[in-house]
Amino acid sequence: MPRLAMNIRTRFAPSPTGFLHIGGARTALFSWAFARRHGGSFILRIEDTDVARSTPEAVQAILDGMQWLGLAHDEGPFYQMQRMARYKEVIAGMLEAGTAYHCHTSREELDALRAEQEARKEKPRYDGRWRPEPGKALPAAPAGVPPVVRFRNPLDGVVAWDDLVKGRIEFANAELDDFVIARADGTPTYNFCVVVDDHDMKITHVIRGDDHVNNTPRQINLLRALGAPVPEYAHLSMILGDDGQKLSKRHGAVSVMQYDDEGYLPEAVLNYLARLGWSHGDDEVFGMEQFVQWFDLDHITASAAQFNTEKLNWLNAHYLKQADPRRLAAEAGRRLARQGVTLGDGPDASRVAALYRDRVGNLNELADAMHPYFSPPKPSAELAAQHLTEPALKGLAALKARFEHCAWLAAELGQAVKQTAAEAGLKMPQLAIPLRVALLGLPQSPSIDAVLEVMGRERVLSRLDRVLGA
RNA sequence: GUCCCUAUCGUCUAGAGGCCUAGGACAAUACCCUUUCACGGUAUGAACCGGGGUUCGAAUCCCCGUGGGGACGCCA
């Protein structure tokens, strides 16, 4: 494969106008995996030429999101605003070579032009009125209107490329207009910077969102005008929200960091994203190491995919079940601390976490489940009335006596509960549930013997005292 | 409006002309396990957008239609 011989270089190039959302995260994941898969380099580039909308907070949010996901870049982050000198140099060269020209059309004129074209049901585009042609008389440049620089796009022929996910795509040059590459204030625009950067950074594979398909022919023409090689392109279709609607800042698009807040494990989010629009036969559950070995651009779906929170939840639960209890205890501890609960003088948090990791769907639920172990429970009046009845309390008293000198091991403790129930003429649930309410303030819990063992004799006895009124 | 992309169970998808009476996963339903609640296990229902071609044969190729999406900025 020639692909193995060349040094694969991919990039993720977000604009810092908001948080890193799920669609961006998947684009980053695929670019990262492709570079990793081929032993290449993954570059992070911040496209901040829109000075009005870019913010340092957004840059940080993107960096945080990438870090949380564990998508490390090999080069960068590069900031376009720091590459101004280079862009201006290229623009000057193009002006010199005649592949770009000054255009003095005002915004008002452009608006009028667009309105006319729309009225005629045509595709709105610049009409080339300032485009120099042999034998064409250009109007006199109006004074006081700083010109923009436009790219001189070929008039006819077609631009085509073999998109690595969508197959061959062709555009007639007649559909394209002479787009602005530098604003009146001299700052370069997106389509221009991308081309210069991708070229300078020797990007071999441009993996990006579907919404850039229409920019690609312009960028290819620009690349040709610059005498630069054209990279491979892979356009990823978009991700729709859970409701099938497209994601936008005001509808459904959430920061990847929100998944952290909601108790998702990064490996679950990553695994979910990997399977959203890409597949490896029937494989569903796999870690990043495996993903990198399998990943290719041939098995990416060309159509849009709908986000499915339920499947993400299932993967999250799956990863929770096999996560290291110490890590889970730390994560739950972080969350409990926010509620003012410390793990300090409670039972072994790792053991508690181990008791619950296969019963909860996310870290917040885990924290909730662990909560009663670390702060005294307060059974509601309803629960008390329902379960802490006269016969149940008698049973609990008997149980307490037994617990005082019973060996503190799950098997023994389970036996103790069974025997006490039998002696008190109670069925197992008739004693086990009141016991749960007494210890945890809840009628449900993991196996009662395991709960007892983890909680420890002292804590069990004192909690029993509380309900027995001793 | 113009251009571009796209179309398999509710959802994510397998499928690259015969292996498909279309497979897997999530979700759903039922049952089992069980000291509670979960977990887990087993089973069931559920799809090739429509119409034309091409071919001995089409979910797979082509065309048209329809649905969905994207783009049409001195945003990225």
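Computed from a prediction, not measured in an experiment: that's the story for all the values here.

K.L.:
I'm lost on the packing of aromatic side chains in this one. Help?
P.N.:
Each aromatic ring pair is summarised here by two numbers: the centre-to-centre distance and the angle between the ring planes. Inspection of the entire model under this criterion finds 17 aromatic pairs. Ring centres 5.5 Å apart and planes at 50° place the aromatic pair Phe151 and Phe179 in the tilted group. Separated by 28 residues along the polypeptide, Phe151 in strand β5 (residues 148-151) and Phe179 in the loop between β7 (167-172) and β8 (180-182) bring together distant segments of the chain. Ring geometry for Tyr272 and Phe307: centres 4.9 Å apart, planes at 70°, overall edge-to-face.

K.L.:
I tried to follow the packing of helix α17 (residues 410-423) against helix α19 (residues 448-455) on my own but got confused; where do I start?
P.N.:
At a minimum axis separation of 8 Å, α17 and α19 run at an interaxial angle of 120°. In terms of axis orientation, α17 runs oblique to α19. The element α17 and its partner α19 pack so that their crossing is right-handed. Residues Ala410, Leu413, Gly414 and Val417 of α17 touch α19, and the partners they reach there are Asp449, Leu452 and Glu453. A per-class count over the contact of α17 with α19 returns 4 nonpolar, 1 polar and 2 charged.

K.L.:
Explain the side chain of Asn153 here, please?
P.N.:
With respect to the secondary-structure elements, Asn153 resides in the loop between β5 and β6 (158-163). When its relative accessible area of 1% is taken as the criterion, Asn153 is described as buried. Dropping the residues within four chain positions of it, Asn153 is found in contact with Arg131, Asn173, Leu176, Asp177, Asp178 and Asn221.

K.L.:
Looking at this structure, I do not really get the sheet that holds β8. What am I missing?
P.N.:
Whenever strands of a sheet pair, they do so through backbone hydrogen bonds, lying parallel or antiparallel. Strand order in the open sheet formed by 3 strands is β4-β5-β8, and the pairing between neighbours is antiparallel. Each of the sheet's edge strands pairs with one partner strand only, and the pair in question is β4 (100-103) and β8. Sheet twist, expressed as the average angle between the axes of neighbouring strands with direction ignored, equals 45°. Both β5 and β8 contribute to a ladder of 2 bridges, which runs antiparallel. Within β8, the residue paired with Arg150 across the bridge is Val180.

K.L.:
Where do I start with the nonpolar core in this structure?
P.N.:
A general feature of soluble globular proteins is that nonpolar side chains tend to end up buried together. Residues Leu29, Phe291, Phe403 and Leu452 are the most contacted members of the largest nonpolar core, which totals 96 residues. The next biggest cluster of nonpolar side chains, apart from the first, holds 30 residues, and it includes Tyr87, Val149, Leu176 and Ala228.

K.L.:
How do you make sense of the pattern of salt bridges when you look at a structure like this?
P.N.:
Close approach of charged atoms lets side chains of opposite charge pair. Counted according to the given criterion, the structure contains 36 salt bridges. In this structure, Asp162 engages Arg168 in a salt bridge whose closest nitrogen and oxygen atoms are separated by 3.2 Å. Assessed through its relative accessible area of 46%, Asp162 is described here as partly exposed. Given a relative accessible area of 52%, Arg168 falls into the exposed group. Note that Glu331 and Arg334 form a salt bridge whose closest N and O atoms lie 3.1 Å from each other. Of this pair, Glu331 and Arg334 both sit in helix α12 (residues 325-338), 3 residues apart, roughly one helical turn. On the basis of relative accessible area, Glu331 is assigned to the buried category, the value being 19%. With a relative accessible area of 38%, Arg334 lands in the partly exposed category. Residues joined by salt bridges that share partners form a network here, namely Arg11, Arg45, Glu47, Arg83, Arg86, Glu89, Asp197, Asp198 and Asp200.

K.L.:
I would appreciate a short explanation of the environment of Ser15 in the present structure.
P.N.:
Looking at the element boundaries, Ser15 is found in the loop between β1 (9-12) and α2 (22-37). For Ser15, a relative accessible area of 37% puts it in the partly exposed group. Sequence spacing of Ser15 and Asp48 is 33 residues, and the spatial spacing of their C-alpha atoms is 5.7 Å. Those residues in contact with Ser15, other than ones at most four positions away along the chain, are Glu47 and Ile62.

K.L.:
I tried to follow helix α18 (residues 428-440) on my own but got confused; where do I start?
P.N.:
Think of an α-helix as turning once every 3.6 residues; residues three or four places apart then point the same way. Helix length check: α18, at 13 residues, gives a terminal C-alpha distance of 18 Å against a target of 18 Å (1.5 Å per residue), a fit within 8%. For α18, every residue scored as buried is listed here: Leu431, Ala432, Pro434, Leu435, Arg436, Val437, Ala438, Leu439 and Leu440. Of the residues flanking the end of α18, it is Gly441, one or two places downstream, whose phi is positive at about 75°.

K.L.:
Would you take a moment to explain the protein's contact with RNA strand B for this structure?
P.N.:
Neighbouring RNA strand B are 63 residues; Lys121, Arg183, Lys246, Arg359 and Ser445 lie closest to it. Backbone atoms, meaning sugar plus phosphate, form 68% of the atoms of RNA strand B positioned within 4 Å of the protein. Here Gln306 contributes a backbone N or O atom positioned 2.9 Å from a phosphate oxygen of RNA strand B. Residue Arg436 places a side-chain N or O atom 2.9 Å away from a base nitrogen belonging to RNA strand B. Among the elements that take part in the surface near RNA strand B, α18 stands out by supplying 5 residues, more than any other. Per-class residue counts for the surface near RNA strand B are 20 nonpolar, 18 polar and 25 charged.

Rules behind the numbers
Residues numbered from 1 in each chain as written. Chains lettered and ligands numbered in written order. Predicted model: local features only at pLDDT ≥ 70, side-chain atom pairs only at ≥ 80, totals over all residues. Heavy atoms only, no water. Phe/Tyr/Trp six-rings, centres within 6.5 Å; stacked < 30°, edge-to-face > 60°. Helix = DSSP H or I, 4+ residues; strand = E, 2+ residues; numbered from the N terminus. Axes fitted to C-alpha atoms, helices over the stretch in contact; angles between N-to-C directions. Parallel < 35°, antiparallel > 145°, perpendicular 65-115°, else oblique. Left-handed = near helix turned anticlockwise from the far one by under 90°. Contact = heavy atoms within 4.5 Å. Nonpolar A, V, L, I, M, F, W, Y, C, P; charged D, E, K, R; others polar. Buried < 20%, exposed > 50% of the residue type's maximum accessible area, 1.4 Å probe, protein only. Pairing = 2+ DSSP bridges. Core = buried A, V, L, I, M, F, W, Y, C linked by side-chain atoms within 4.5 Å. Salt bridge = Lys/Arg side-chain N within 4 Å of Asp/Glu carboxyl O. Expected span 1.5 Å × (residues − 1). Near = heavy atom within 4 Å. Polar contact = N/O pair within 3.5 Å; in protein donor to acceptor, adjacent residues only side chain to side chain.

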